[in-house]
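# Structural features, examined
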Amino acid sequence: MAPGARAGTGRVMWLTPERLFYAGLLGSPSVRTMGGLLIYVALRAPIRIRFDGGPWASTELAVVPAYMPHSVACDDRMICDLGLEAESIDLARLPSVIRGRAGPVDDAAFVRHVRQAHAYLSERGRELDLQADSFDQIFFGHALAPRRLDPRIEAVVQRIRNAPSATATAESCAASAHLSFSRFLHLFKEEVGTPFRSFRTWKRARSLLHYVTQDSNLAHVALDTGYPDSTHFSHSIRQVYGLKPSDIFAGSRKLALIGERVAVGDGMPG
DNA sequence: CTGCACTGGGATGGAAGGTG
DNA sequence: CACCTTCCATCCCAGTGCAG
């Protein structure tokens, strides 16, 4: 079960319900559209990034708003990125390094800081008792201000987040929120910033990350993560990550997962 | 906040094609 | 050969704007 702790590769992933830190192989992704606010940090070579077929920009640091299609490349095999779940952060109160940004950002101090954090986590991360809330502390020096959602929408967000593989229809979510179907869809988009369906799609695709170090065939992973078959699985994963599922798994062989305490996907303990 | 009409595209699954 | 990805056709869920 526990993949060998390979010190030295520097390949590390820290996954919490609202945050992601990834330092590992990039592969050759095509256009990708992720549901979190992304912060790319160059490790050993500058990264290149572009939006919507526009010109490539070379940079040490780039910010991509949630649900914004983009392409990223790098001369080095390794890349580093932070992912902040869009519905969990107050966009207006983000640190200035990411607030309102889309594209390359010039902040050498932040780049240096993230690289140091990466070195620290890849050396010691597996030994530490990392809480989800220490993520912000490590990377930003303080907890990021959370977004305050309408409690009825918040409950639905939690429901999907806790069981991303379940197929909760918008109609059932509306009922559980005691809202009309119409009102629910409108309010959901207003609060979360993205339509219900794309949110659900993203959370499902994101849950794949919990499985990437496991060694089972993709058809099983597809079913475990809530996709009806490998066809839809392949298509959807490619849409989100810009990579084929098999490439993602192949590239994650030596990836050390840290901060992973409970398997996400099935029931709550107690 | 509800109800409604219109519509686009995500969801789906069979089958063919590709790859190691 | 097993497994994975792409292709394609179909369907209906959900996105949206608006009247009330």
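Residues numbered from 1 in each chain as written. Chains lettered and ligands numbered in written order. Predicted model: local features only at pLDDT ≥ 70, side-chain atom pairs only at ≥ 80, totals over all residues. Heavy atoms only, no water.

### Some details on the domain arrangement of chain A
How large an interface is tends to be reported as the accessible area lost when its parts come together. One can read the domain layout of chain A as domain 1 (12-140) and domain 2 (151-244). Taking only C-alpha atoms into account, the centre of domain 1 sits 22 Å from that of domain 2. Taken together, the contacts link 21 residues of domain 1 with 18 residues of domain 2. When the area that domain 1 buries against domain 2 is broken down by residue, the three leading residues are Leu15, Tyr67 and Glu87, summing to 37%. For the interface between domain 1 and domain 2, the tally reads 5 salt bridges. Among the ionic pairs, Arg161 bridges to Glu87, the shortest N-O distance being 3.0 Å. (Domains from an automatic or database assignment. Contact = heavy atoms within 4.5 Å. Buried area = accessible area lost by both parts, 1.4 Å probe. Salt bridge = Lys/Arg side-chain N within 4 Å of Asp/Glu carboxyl O.)

### Things to note about the protein's contact with DNA strand B
Taken together, Arg152, Ser180, Ser182, Arg183, Arg197, Thr201, Pro228, Asp229, Thr231 and His232 form the complete shell of residues around DNA strand B. Sugar and phosphate atoms constitute 61% of the interface atoms of DNA strand B, taking the interface as everything within 4 Å of the protein. Here Arg152 contributes a side-chain N or O atom positioned 3.4 Å from a phosphate oxygen of DNA strand B. With respect to DNA strand B, the side chain of Ser182 contributes an N or O atom lying 3.0 Å from a base oxygen. For the surface near DNA strand B, the elements supplying multiple residues, two or more each, are α5 (181-192), α6 (196-207) and α8 (230-241). Looking at the surface near DNA strand B residue by residue, the class counts come to 1 nonpolar, 5 polar and 4 charged. (Near = heavy atom within 4 Å. Polar contact = N/O pair within 3.5 Å; in protein donor to acceptor, adjacent residues only side chain to side chain. Helix = DSSP H or I, 4+ residues; strand = E, 2+ residues; numbered from the N terminus. Nonpolar A, V, L, I, M, F, W, Y, C, P; charged D, E, K, R; others polar.)

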